[in-house]
Every structure is written in C-alpha cells, then in structure tokens.
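# Examination of the molecular architecture
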Amino acid sequence: MSNKTNDKIAALVNYFNEADDVDKPYVIAMFTGKRPKRPVGTALLKQWAIEKSGIPDWLFSESYHNVGDLSETISLILPSPTHLVNRKLQEWISDLASLQGKDDPFKKTFILSAWDSLDTQERFIFNKLISGNFRIGVSGKMLVNALAKQSGTAANKIMHSIMGKWDPSKITYQDLIGGAHVNTDNSWPYPFCLAYALEVETESLGTPEEWQAEWKWDGIRGQIVKRNGELFIWSRGEELVTEQFPELHFLKEELEDGTVLDGEILSVKEGKVQAFSILQQRLNRKTINKTQLNEAPIGFFTYDLLEYKGEDKRSDVLSLRRKQLEKVIYNLQTKNIVLLSPIVKFDNWQQLAKIREGSRDLNSEGLMLKKADSLYHSGRKRGDWWKWKINPYTVDTVMIYAQKGSGRRANFFTDYTFAVRQGDQLITIAKAYSGLTDKEIKEVDAFVKKNAIEKFGPVRTVKPELVFEIAFEGIAESKRHKAGLALRFPRIARWRKDKKADEINTLDDLKQLLLSTLNTSIHGTGQE
Amino acid sequence: MHMALIQFTSKGIYCRQGDFYIDPWKPVKLAVTTHGHADHVKWGNQAYLCHELTKSILLQRLGADLKIQTLPYRQQIDINGVKLSFFPAGHVIGSAQVRLEYKGEICVVSGDYKVEYDGISTAFEPVKCHTFVSESTFGLPIYKWQPQQIIFDQIKDWVAANRDENKTSVLAAYSLGKAQRLIKGLAGYGEIYVHQSIANLNDGFIDAGINLPDTLRITPETKKEDLQRGIVIVPPALTEGRWIKSLIHAATGICSGWMQVRAGRRWRSADAGFALSDHADWPGLLSAIKATTAEKVFVTHGYSATFSKYLNEIGIAAEEVKTQYGEEEEKEEVL
C-alpha cells in the first residue's frame, strides 16, 4: 500500500464499496483492535515457521531483525504454497476463533495447512489476524475518515459508532455505520482551539492586563462532553477515550446536561501533576489494573467552557467563559479530580519570564498566553493564543547508524541513530532525522560513506565519531528499549564538532534525569 | 589446500600470478571487468578486459579513449600463464563470471549474478571450481523472487489502473539491466518512453546486435500529454527529480529486490514497489554455490556475515571478505 494518506483512504473507500457485506464489520473490528483472544501465541507461530522452512533459529532472528515484523518475516520465510484457496475473511476469522481451547497439535495442523494455501501477502494478513496487531499503516482515524467518505456520514458520528459496543458477527455494516446501536447525537465534540508557538518578544504583545497566562500542561488535550445523561471524553486526535479514564466517570452524575469542557488529561497524584511518562502507563489500554490506578491516577485540568446549558459558548470572550467555568467546577461534589487549570498571575513580562523558568518543577512545558478578550476559535489562529514553551532537555550522543532519507533527500544518509556511553559500550538512545542544514547533511553523508563498517540493507553501521546534541521533551522508562528508557520527541539540536566521542553523556546521566522527573515534588495545583 | 590464486587487497581482487585485478576500485594496470555497473568498474585503469557486450557500456560511461580488450563467453586467453575465460553471470547484458585456472587450480569470481533467465542477458551458467567468490546482496531467506512473468503481470495491472485514473506510470529501474529487462517484458503494452541514460545504452546494445523492442527517448520536446497513457522508465535517482514532479499526474513504481519487504517499500515512499531483482535470491545463491562444487567460498557485498555463517553451518567452507561493491550501486544512475 502507498504511503500517502489520501491514497490509503481512497483504497479503503474502494474496499468498502466493493467488499462482501459480511466481511466489512470484521475488517472494521480488526482495524479498531476489537479482536477475539489470540488463538495461538507468537512463540508457537515462530517455532512452527522455523520448522517448516528448515532454517536455524539464529537465521530466523537475523531475518526478523531485517524485516522488523514477525508476521511479515514468517510470511516471507515459509516455502511457497502448494495450492491456493479463496475464502472469505469472515470464514478465516470464524475458523481461527474455533481454535480456542483446542490442543497445540490440532492448532499446528490448521495453521500449517493455512500457510500452505496462501500467497505471501495473504499469509501476512492471516498472521496479523492471529496476532491481532492489525496496525498496518492504517490508523483508527484514517479508517473513520474512509468510512465517513464512503457512507456520507460525519466523521465524529462514525467514531462514536465504532467505539460503541458491537459484535461483528451480529451487526450489519449499514447498522454499524448508521449508529443503530448508539445515539451519536449526544457525543459530538467541538474542534479544538489551538495555539502557535510564540515567536516575538513578550513585550510586543501589549500590557499584561490584556493577557491570561496559564501553565502549558504536558498530557492529553481532551474535551469532556455531557449531554442527555451520557458522558464522552474525546482526545485531541478526535478519538473517544471515555473508557480509558474511569476516574472521570463521576462527571456523568455531577456535570449538568449540555456541558462541554476543554482541558488536559493528566496523571495527578496528591494534587501534583506527574510526568508524562507516568500518564503514558494509562494510555491505549483495554483494561486497567489496580496498580495502574494507584500509580497513575487521572485528573483533568480544565482550560475552557465550550458549551453550557446546551448553549455554544465559543463566541463569548475568554474572561467570561473562565468565570462561568469556575462556577461549573466549584459546583462539582467530587473535589480534586477535575480542577481549574490555575491562572498564573503576573505584573510584568519580566516577572512572567522568571516564573516560566520554574515550569519543569511542576512537570509543565512552559506557559500559555491567551488574550482575555479572545473567542474560542476552531483550529489554529494567529494572534490570540500563544504557547511559550521552555527550552527542551539536551544530551550529547554519538552517531552509530545511518540510513538514507526519502523525498529530496533520498540520495543522502539523513536518518541517524544515536547512542550514549555505558562503560565501554554504546547504547542506542534515539533516532532522529531532522535538525541539520543541507550543507551539514552533505558533510555527514560523506562521513557515512567513508566510515561505514557494516551494511544491513539500507542501514549502515558507522564509526562512532560524530557527536550530536539531541534535544527532547521528556524521558520515560521503557522495557522495549535496550537503554531501559526512551526519549520523547528527540531531534538534533546541533552538531557538536567541538566534542569528541569520549565526551558524550552516559546512560547514568539520563537515568538520573529520569529519576528527577519522577520525583518532582512541588505542588502544581495551587488554586486561586 | 590449494595455492591462493586470488587475494583481496586494498585495490581490489588481485591475481598475483597473472598480475591483474578483477573489478578494482583503485586504478591499476589491467582491470578485468565483470560488468558495467559503477561499483564494479572505475575510471583510470590503464587497460580493461571485459565481455564484448560490456565494451559499449564502458565507452559511454568512462569515456571514448579507453584501452579495452574484449572476449566472447567461454573463449580462453592466457595472461602470464593464467588461463582466463568469461562465463555468463545472467546479471545484466554482458555480465560475466571470471574463470581463472593455473596449474589445475580453478577460481571463479562471479561479480554480480542471478540464476533466473531474464530473457535478455545471457543465462547464468554454473562453473565448477575450487574457489568461488560470491556476492550476497540478498543473502537472507526472506528474499525469494517470484518468476519474472508474475512481476511483469503485476506491473501491467498497475499500469492499467494508472491509465484508468489518467496517471502516467513512471517506473524506476537501473539504466543498465533492469531497464532493458522491463522494456522486453512490457513490450506491446503501450508506448515505452525512456530517459536518455537508458536510451544511450540501448543504442549501444542495438549496434552490438541485441534485439530490443522499440522505445521513445524522452527529450525536452517530449509532450507530457503523450506520456500520459504510456510507460516511462527512468533511473531511480530521477524519481524525485523536478521533471517527474512536473508531470501532471504521475504514479511511481520502484523495481528492486528491496521491495520484497514492506519496510523497503515504505522507506522509498513510492506509490508501488515491485520485487524485480538482477541479483540472485536466497535459493538462487545456494543453488549456484552448490553447483560450483567449490571447496572454499568467499562472500562479498551484501549480508556477507550472515550468509557465510550459514554456508559454514551447512558444510561449505566460507569466509566473509570486505570489498567496495554494492556501495555505489544506487548512485550509479546519476551519470
């Protein structure tokens, strides 16, 4: 499939125009992660594929390392099929579901014979059906847009429909799209008002009295919709995330019908905003366990009031909306979960700049400047709202891998992997591909071509010599990375030609930083 | 253990007894050349020895005043007591494996090769030897090619779909090898327009008596509307160029073995990828190596470490060697 979003949507629309009606709800279920329990574990799949293809384990691993996807590796490594069969997707899915509870030899016979009757591409999809990780370049949002286009229905209604409770074996495509099982009229959100990064001196903005300053929180921007007794939580990506945050469900009882709040979903513990890395434990999960509820309890910091008593408030000025918002929050019975995002008081810009320097201590990313008389715009509009972020964290690293870019940079090595030091080892810490000038890219490119040690397909291992300062927004624990931690939004800040590879940071430096973000202990929720 | 007939030096693969190099990357007295791709033949050697069909390629790419001696396949000459002959490598037109024989010791340097007959390059021929030098560009078991006819059918379907949407089909393929293969495989399926680097090579081949279907050379005067329903073949480096972008509606398809893997397709951000390669796939490499009955295999460019480890495990003594082949393959087309 193509890389271009529009082409992918066109292909999906095409599919839903032509596919068998029985298959459509299953396809939607797959793309949205509504899948039955895995009938066979990946370890067994891998073992059977190795057996069938007659290659040693290490060679399978080596291949997997190059392909980067287990389902795809298996599909490529198996011998060619002996015969091809043509069955409906829904038939495959029912067969897979019926494997549940059978013994391994039975499952093995089924899987091996399926592999033997499918071509490479089909095998790949079949393997994805088993493992359930059906994220092949199609996001939930993209699917929603395609369904909206195909059926001529508003995208947020589709989002609500497919997020609802339904079973692909019991619902027709028409009913699913039409939202027969849910009431989509209640859920629709407003487009978020967004801010540009501040690029002028604050002094040129006018007098402090004209502005409202707030902390810029590092969480998930969200909208809470309460209408006709139902509660909906939308994320900035216009995805319904209601189920993920049970802490906020009390709003269903306590918020008046016809109320829409704009704010930030954060992890808040004992009144303190926790680091984004802690909130992350709670994101995109089907089920939440007790530990997660205890360690990363959710709070909602409200910024704005978009609807009140069923009336659209977006054309009221900010100062008015804020007053109304304060009342709404004040009237909540349950305290300390849904809070007002505090206003930062300041007398002059210099003072505010000083306050901003303390952002990190609150796990905030800086400040938001909003004009007191601003309306709530749809999308981004220059002038009324600004984000004034603090400088990112930085770390000195050495480049260890390089890969060619795409687009106009297809002939240059532009995508790099960076490492920090741990003892005499280098540990990969980040991948980045932006932040250098064209001239610098050419220089690095020449270095890579001269100093490549090994070649793995498009990737070159290079002599660890070039030092780069990497900027990033946050740091989190990660079991998936060898370093045990992952950087958020890493990018190249500058090429440190003045530094040698033995002067780079160590993994311990980063671990220290991680600890310090987790131990932030200053109160971030001072209500005015 | 036989006496080593070849050595891997900083200039290239060297035959001491014959005092010549095979595909050297630094200037030498005599460069025996396996084929015309830029990573296998460099400018600046005092003399070249290649297959007769490679001559026009070298003249075009390296300049007209080269000293070139040619040989047909299977004809043997003597260089300082070493018997040298070329055998078809099936990689591109004129590509040759170099067979060396000295005092009963036989060594074959295969350059780049593929075992599937592509309908245009002379078919690969296994040569029995004691020492075999093999590439390993696609030396992983995930690389198994479909017969080329299936790939051509996929390309034709894609071209037809593009026509339905009024898009020009632009195929990226190396000017030497892949381009001629596509021309032959897609002949009769619409007008084929080729970039001048391909047209120049084609002219040379036609002069040398090779039967190539008709194509149209793209010139500044070529009307873009004329291209609309046709097939356009350009070198890979040009797919990102201004000229392609100036086409009203173009869909690009990359023809390369790397397209076998989804990550390869994503990385090149083309509209379509076709796994059509001029290199041997995994089964191809293994069958070719076994057919040589070689006692020792030197593995050059590609997945050399993995592939030589596997050969050793299945009882074929193999060693990885570092060369400069493969590195500039992608740049080649800027010529």
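All values derive from a computational prediction rather than experimental measurement. (Residues numbered from 1 in each chain as written. Chains lettered and ligands numbered in written order. Predicted model: local features only at pLDDT ≥ 70, side-chain atom pairs only at ≥ 80, totals over all residues. Heavy atoms only, no water.)

### Observations regarding the overall build of chain A
Counting its secondary structure elements, chain A contains 18 helices and 23 strands. The burial tally for chain A puts 50% of its 528 residues in the buried class. Once local pairs closer than 6 in sequence are excluded, the contacts in chain A between residues at least 24 apart make up 70%. (Helix = DSSP H or I, 4+ residues; strand = E, 2+ residues; numbered from the N terminus. Buried < 20%, exposed > 50% of the residue type's maximum accessible area, 1.4 Å probe, protein only. Contact = heavy atoms within 4.5 Å.)

### A word on the layout of surface pockets
All names here are of chain A. There is about 840 Å³ of room inside the second largest pocket. Elements supplying a minimum of two residues to the lining of the second largest pocket: helix 13 (276–280), helix 14 (290–295), strand 21 (474–477), strand 22 (485–488) and helix 18 (507–518). The dominant element in the lining of the second largest pocket, judged by the number of residues it contributes, is strand 21, at four residues. (1 Å grid on protein atoms, 1.4 Å probe; cavity = no way out; pocket = protein on both sides within 12 Å on 5 of 7 lines; lining within 4 Å. Points joined across faces, edges and corners; volume = space filled by probe spheres on them.)

### Thoughts on helix 7 (residues 104–115) of chain A
Residue and element names in this part refer to chain A. Taking 1.5 Å per residue, 12 residues should reach 16 Å; helix 7 reaches 16 Å between its end C-alpha atoms and fits that length. Of the positions making up helix 7, those classed as buried are Lys107, Phe110, Ile111, Ala114 and Trp115. One face of helix 7 carries all of its buried residues, which in axial projection span an arc of 130°. Opposite the buried face of helix 7, by more than 90 degrees, sit the exposed residues Pro105 and Thr109. Contacts from the buried residues of helix 7 go to helix 3 (42–53), helix 5 (70–77), helix 6 (89–98) and helix 8 (120–131). (Expected span 1.5 Å × (residues − 1). Arc of directions from axis to C-beta.)

### Some remarks on the nonpolar core
Residues and elements named next belong to chain A. Formed by 100 residues in total, the largest nonpolar core has its most connected members in Ile28, Ile111 and Phe126. Once residues within four sequence positions are removed from consideration, phenylalanine 126 is found in contact with Trp92, Leu96, Phe110, Ile111, Ala114, Trp115 and Leu118. Counting 31 residues, the second-largest nonpolar core is a separate cluster that includes Val420, Val462, Trp495 and Leu514. (Core = buried A, V, L, I, M, F, W, Y, C linked by side-chain atoms within 4.5 Å.)

### Quick word on the confidence of the model for chain B
All names here are of chain B. Averaged over every residue, the pLDDT of chain B is 91; residues scoring 70 or more account for 95%. This model gives residues 330–335 a pLDDT under 50, and the stretch forms 18 contacts once residues within four places in sequence are excluded. In the predicted assembly, ipTM is 0.91 and pTM is 0.67. (pLDDT = per-residue confidence, 0-100.)

### Examining the sheet that holds strand 14 (residues 385–389) of chain A
The strands making up a sheet associate through hydrogen bonds between their backbones, and the pairing can be parallel or antiparallel. All names here are of chain A. Taking strand neighbours across the sheet as the criterion, the five strands line up as 2-14-12-3-11 in an open arrangement whose pairing is mixed. Here the strands that pair on one side only, and so sit at the sheet edges, are strand 2 (196–197) and strand 11 (343–344). Two elements, strand 2 and strand 14, share two bridges in a ladder whose sense is parallel. Bridged to tyrosine 196 within strand 14 is tryptophan 386. (Pairing = 2+ DSSP bridges.)

### Description of empty space enclosed by the protein
Residues and elements named next belong to chain A. Applying the stated criterion to the full structure yields six cavities of 30 Å³ or more. By volume, the largest cavity amounts to about 170 Å³. Around the largest cavity sit 15 residues that line it, and Asp218, Asn363, Tyr393, Glu473 and Gly474 are the ones nearest its centre. Of the residues that constitute the lining of the largest cavity, the class distribution is five nonpolar, five polar and five charged. (Nonpolar A, V, L, I, M, F, W, Y, C, P; charged D, E, K, R; others polar.)

### Section: the pattern of salt bridges
Residues and elements named next belong to chain A. Across all of its chains, the model carries 41 salt bridges over all chains by this definition. Its salt-bridge partner being glutamate 247, residue arginine 282 comes within 2.7 Å of it at the nearest N-O pair. With arginine 282 in the loop between helix 13 and helix 14 and glutamate 247 in the loop between strand 5 (230–235) and helix 12 (251–254), this residue pair connects regions lying 35 residues apart in the sequence. Neither residue differs from the other here; arginine 282 and glutamate 247 are each classed as buried. (Salt bridge = Lys/Arg side-chain N within 4 Å of Asp/Glu carboxyl O.)

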